[in-house]
Amino acid sequence: MAHVVGPEVVKYACTCGLLKSISSLYFCRYCCQLRCGFCVCHEVDSHFCGKCCENLPSSEARLKKNRCGNCYICPSCQQELSTRIGSKGPSNPEDPKSTPKKMYYLSCLYCRWSSRDVGIPDQSAATGGWPDRENVNANRLQEIIEMYKAMVLAEKQQKEKDKKKQRGKYLSYTDRTGVTAAALRKRIGLPVDIQHSLLKAKPKEPEPAIAKEDVEDLPEELLTKPVNLTEVTTIEQRLLQIDLQPTTVEKLFPVHKQLSIKRSLRCRSCEHNVSKPEYNPNSVKFKIQLFAYYHVPEIRIVTVEPLRAGRPSELIIKFTNPTQHQTTITILSLVLSGDESEVKEETGDQPSLPQEKQPPSLSSQPSSLLSLSSRQPSITIKPRPVSQEVNADVAIPSSKVILPPRDDAAEYDDSGDTHNIQDDPKLVVWRKSNKAFVKLLVTPKQGLALNSEIVAGFTMQHIYTNTIATTVENREPDKHDHNIRVFLTLGNLVGFD
Amino acid sequence: MELREINYNKNEYVETASGNKVCRQTVLCGSQNIILQGKVIVQAEAIIRGDLANVRTGRYCIISKEAVIRPPYKKFSKGVAFFPLTMGDHVFVGERSVVSAAVVGSYVYIGKNCVIGRRCILKDCCLIEDNTVLAPETVVPPFTRYGGSPGTNIGDLPECQADLMVDFTRGYYQHFQPTKII
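Being a predicted model, the structure only gives us computed values, none of them experimental.

## Brief notes about the overall build of chain B
Then step 1. Scanning chain B for helices and strands turns up one helix and 25 strands.
Then step 2. The globule rule puts the C-alpha radius of gyration for 182 residues at 16 Å, and the 16 Å found for chain B is close to it.
Then step 3. Referenced to the eigenvectors of the C-alpha coordinate spread, the extents of chain B come out at roughly 60 × 40 × 25 Å.
Then step 4. Split into buried and exposed, the 182 residues of chain B put 54% on the buried side.

Written out as structure tokens, the structure is:
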């Protein structure tokens, strides 16, 4: 029951050296490596509002400072505000028989704050009518921003000019004869350099800020008057509205709700997408989903005997094969050093997968991605040594475990397993369709303190069948061994031998 | 961790043709308005108020002990009206939680002792931690983890959450076996 929420006891080592559980890992099919959240590039795919679940185009999002236009947050408890229908006065005060007009006000259903508390008048429109407070310093800030933008533009153009001057190997034809355009202009009397039209209008420099020395006196009331805490805002409430930072509760104004994003992930070394969500904010499906959960066998701890230092304890773990191809699992001893990417290929037709982080060769890419191959791979990550200490030894079994492919229809079919796999009965304790229970012996090391956490590790080697579209001549999908280091947190030491 | 066998007393539970396992000690008001799609487990002392409005659950839902599924209401000038409560597939409702949401999506995990405020909308693939109180009418977007009181966004969920919930609820259903009398 502890799988969805619970301690992460089984961790896989990503290629960068960090330990993550299988649900947080991705598997890049092109590099055939595990990737974690840090080894992938996160890119913003779309913006949407969490409350109205509507997409916003990214330009509009930037304009509205990544906030939704319709939804508001209660300034007092930061929950969502809902629009309520308020008093219904007659629309035409002269005529008492006219239909009552609906007036709306904002109200928080958690802390009972409402827009009437701060004096915002009720609106007649259900959405979009709420006044936005103007920033007092808006004009000044705009002037300063424009000045800086002009400075940046001027610098950029200066750089370009310098580059052009340096690059000018080929002088104009008229230069040899001595009649250049510049010389002509000088003769006539016009200025030598033609100013670029954009540079002509020099931005108006804003008035420099004047330092003031006189500050208003400390009001004596601060020292004498007792503080009414119900009127004072908390720091969190104050910082929600940075431009005003009200100190009293009467000045709290509703704030627009921040937008959420959907992000797509891209492997840093081969620049292929690893995860791409759908555009619709309500949908939980993915256009591209290369999660480790679907490609790498999952390991779960079933039972573990109480651990004693120096004495071997039985550990039963469950392997699940999530792929559509049969795989064989070999358990090898753990290698803690950094570089463990040993990817051996069984068929020699495919071009060798890049071991170092170089841009992949053009022939191995589908044509739609050719334009991306000219892109520089982003920051390459050097594999780090895993920093997890292993204080228990795992007895490495000599035989392998074969896991049949995943069969979704098997749960409706009660005819039973037809796989007939010969198993070492000491290794494989139980088997059903694509799952198997494997028994291992774990011996915690000597000299450990009581109640210390025991971590065991091993390398799991499984045969990964690559399902990327192969070329026409080669129908066989290539299989190769893939090594993953696994770390299991087995609990606390109970006693000594 | 792998699930352990969860045994129940065979006499206490009724198993229907579509695989629903409902305990006899539950309080199911208005059972003609309650639709359990299939392979749903309703454990002891749960309360489902079908008398107020329709309650519909999807497949492989699990309603733990002492949970309350109560349709939400809305106050009008002329009185109070109850709205139907729909739950998607593969939803887990923890022990002693009170769910008054208007819509609960699929693949949702609701922890223990939660209070889901009335007319909340829980979208697919979200997770409500234990002991959360969600304010009325909150909308929980997909792939978010809500917690605390009032419930606020405290984290994200992995992208394969849908499959994790499917595995979890299926595994729970498979392990929910009657105690074998030897």
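## A short note on the packing of aromatic side chains
Then step 1. Counted according to the given criterion, the structure contains 16 aromatic pairs over all chains.
Then step 2. Taken together, a centroid distance of 6.3 Å and an interplanar angle of 75° make the contact between phenylalanine 168 of chain B and tyrosine 172 of chain B edge-to-face. One end of the pair, phenylalanine 168 of chain B, and the other, tyrosine 172 of chain B, are both in helix α1 (residues 161-175), four residues apart, so they sit about a helical turn from each other.
Then step 3. Residue tyrosine 172 of chain B is classed as buried on the basis of its relative accessible area of 4%.
Then step 4. By the ring-pair criterion, three or more aromatic residues cluster together here, those being Tyr26, Phe286, Phe291, Tyr293 and Tyr294 of chain A together with Phe143 of chain B.
Then step 5. Over the face of the ring belonging to tyrosine 105 of chain A we find arginine 116 of chain A, whose NZ or CZ atom lies 4.0 Å from the ring centre.
Then step 6. Above the ring of tyrosine 173 of chain B, the side-chain terminus of lysine 21 of chain B is found at 4.7 Å from the ring centroid.

## Considerations on the nonpolar core
Then step 1. Membership of the largest hydrophobic core comes to 62 residues, with the highest contact counts inside it found for Tyr12, Ile299, Ile317, Phe319, Phe458, Met460 and Leu488 of chain A.
Then step 2. Not counting chain neighbours up to four residues away, the residues in contact with leucine 488 of chain A comprise Val9, Val10, Ile299, Ile301, Leu315, Ile317, Ile454, Val455, Ala456 and Phe458 of chain A.
Then step 3. Judged by nonpolar contacts, the second largest core, of 30 residues, contains Val42, Val108, Ile128 and Val140 of chain B.

## A short note on the pairing of strand β9 (residues 104-108) of chain A
Then step 1. Counting buried positions over the five residues of β9 of chain A gives five, a clear majority of the element.
Then step 2. Across the two faces of β9 of chain A the burial is the same, with Tyr104, Leu106 and Cys108 of chain A and Tyr105 and Ser107 of chain A all buried.

## Some points on the environment of serine 264 of chain A
Residues and elements named next belong to chain A.
Then step 1. Mapped onto the elements, serine 264 comes out in strand β10 (residues 255-267).
Then step 2. Overall, serine 264 belongs to the buried group, its relative accessible area being 3%.
Then step 3. With near-sequence residues (within four places) excluded, serine 264 lies in contact with Cys41, His42, Glu43, Asp45, Asn273, Ser275, Lys276 and Pro277.

## Focus: unusual backbone geometry
Residues and elements named next belong to chain B.
Then step 1. The residue after serine 149, namely proline 150, is reached through a cis peptide bond having omega 5°.
Then step 2. The topology assignment puts proline 150 in the loop between β23 (144-147) and β24 (152-156).
Then step 3. The phi angle at arginine 119 is positive, at roughly 60°, despite the residue not being glycine.
Then step 4. Mapping arginine 119 onto the fold places it in the loop between β18 (115-116) and β19 (121-122).
Then step 5. Residue asparagine 131 is not a glycine yet carries a positive backbone phi of 60°.
Then step 6. Within the secondary structure layout, asparagine 131 lies in the loop between β20 (127-128) and β21 (133-134).

## A word on a nonpolar patch on the surface
Residues and elements named next belong to chain A.
Then step 1. Side chains of Leu218, Leu222 and Leu223 sit close together on the surface and give an oily, nonpolar patch of about 380 Å² of accessible area.
Then step 2. If you trace the backbone, leucine 218 turns up in the loop between α5 (197-200) and α6 (221-224).
Then step 3. Given a relative accessible area of 60%, leucine 218 falls into the exposed group.

## Points about the sheet that holds β18 of chain B
Residues and elements named next belong to chain B.
Then step 1. In spatial order, the strands read β4-β7-β10-β15-β18-β21; together these six strands make up an open sheet with parallel pairing. Every interior strand has two partners, whereas the edge strands, β4 (27-29) and β21, have only one.
Then step 2. As paired strands, strand β10 (residues 68-69) and strand β15 (residues 98-99) are joined by two bridges and run parallel to one another. By the bridge assignment for β15, isoleucine 69 is matched with valine 99.

## Some details on the pattern of salt bridges
Then step 1. The full count for this structure, using the stated rule, is 11 salt bridges over all chains.
Then step 2. Among the ionic pairs, lysine 64 of chain A bridges to glutamate 60 of chain A, the shortest N-O distance being 3.3 Å.
Then step 3. For lysine 64 of chain A, a relative accessible area of 37% corresponds to the partly exposed category.
Then step 4. Glutamate 137 of chain B is the salt-bridge partner of arginine 84 of chain A, the closest N and O atoms lying 3.1 Å from each other. A residue pair is termed interchain when its members come from two chains, as with arginine 84 of chain A in strand β8 (residues 81-85) and glutamate 137 of chain B in the loop between β21 and β22 (139-140).
Then step 5. The class for arginine 84 of chain A is partly exposed, based on a relative accessible area of 22%.

## Considerations on the side chain of serine 452 of chain A
All names here are of chain A.
Then step 1. Residue placement: serine 452 occurs in the loop between β20 (435-444) and β21 (453-465).
Then step 2. Looking at serine 452, its side chain comes within polar contact range of the main-chain oxygen of alanine 449, at 2.8 Å.
Then step 3. Discounting residues that sit within four places of it in the chain, serine 452 has contacts with Gly491, Asn492 and Leu493.

How each quantity is defined
- Residues numbered from 1 in each chain as written.
- Chains lettered and ligands numbered in written order.
- Predicted model: local features only at pLDDT ≥ 70, side-chain atom pairs only at ≥ 80, totals over all residues.
- Heavy atoms only, no water.
- Helix = DSSP H or I, 4+ residues; strand = E, 2+ residues; numbered from the N terminus.
- Rg over C-alpha atoms; globule rule 2.2 N^0.38 Å.
- Buried < 20%, exposed > 50% of the residue type's maximum accessible area, 1.4 Å probe, protein only.
- Phe/Tyr/Trp six-rings, centres within 6.5 Å; stacked < 30°, edge-to-face > 60°.
- Lys NZ or Arg CZ within 6 Å of the ring centre and 35° of its normal.
- Core = buried A, V, L, I, M, F, W, Y, C linked by side-chain atoms within 4.5 Å.
- Contact = heavy atoms within 4.5 Å.
- Patch = residues over 30% accessible without salt bridge, like charges linked within 9 Å, V, L, I, M, F, W, Y side chains within 5 Å.
- Areas by Shrake-Rupley, 256 points an atom, 1.4 Å probe, with all protein chains shown as cover.
- Salt bridge = Lys/Arg side-chain N within 4 Å of Asp/Glu carboxyl O.
- Pairing = 2+ DSSP bridges.
- Polar contact = N/O pair within 3.5 Å; in protein donor to acceptor, adjacent residues only side chain to side chain.

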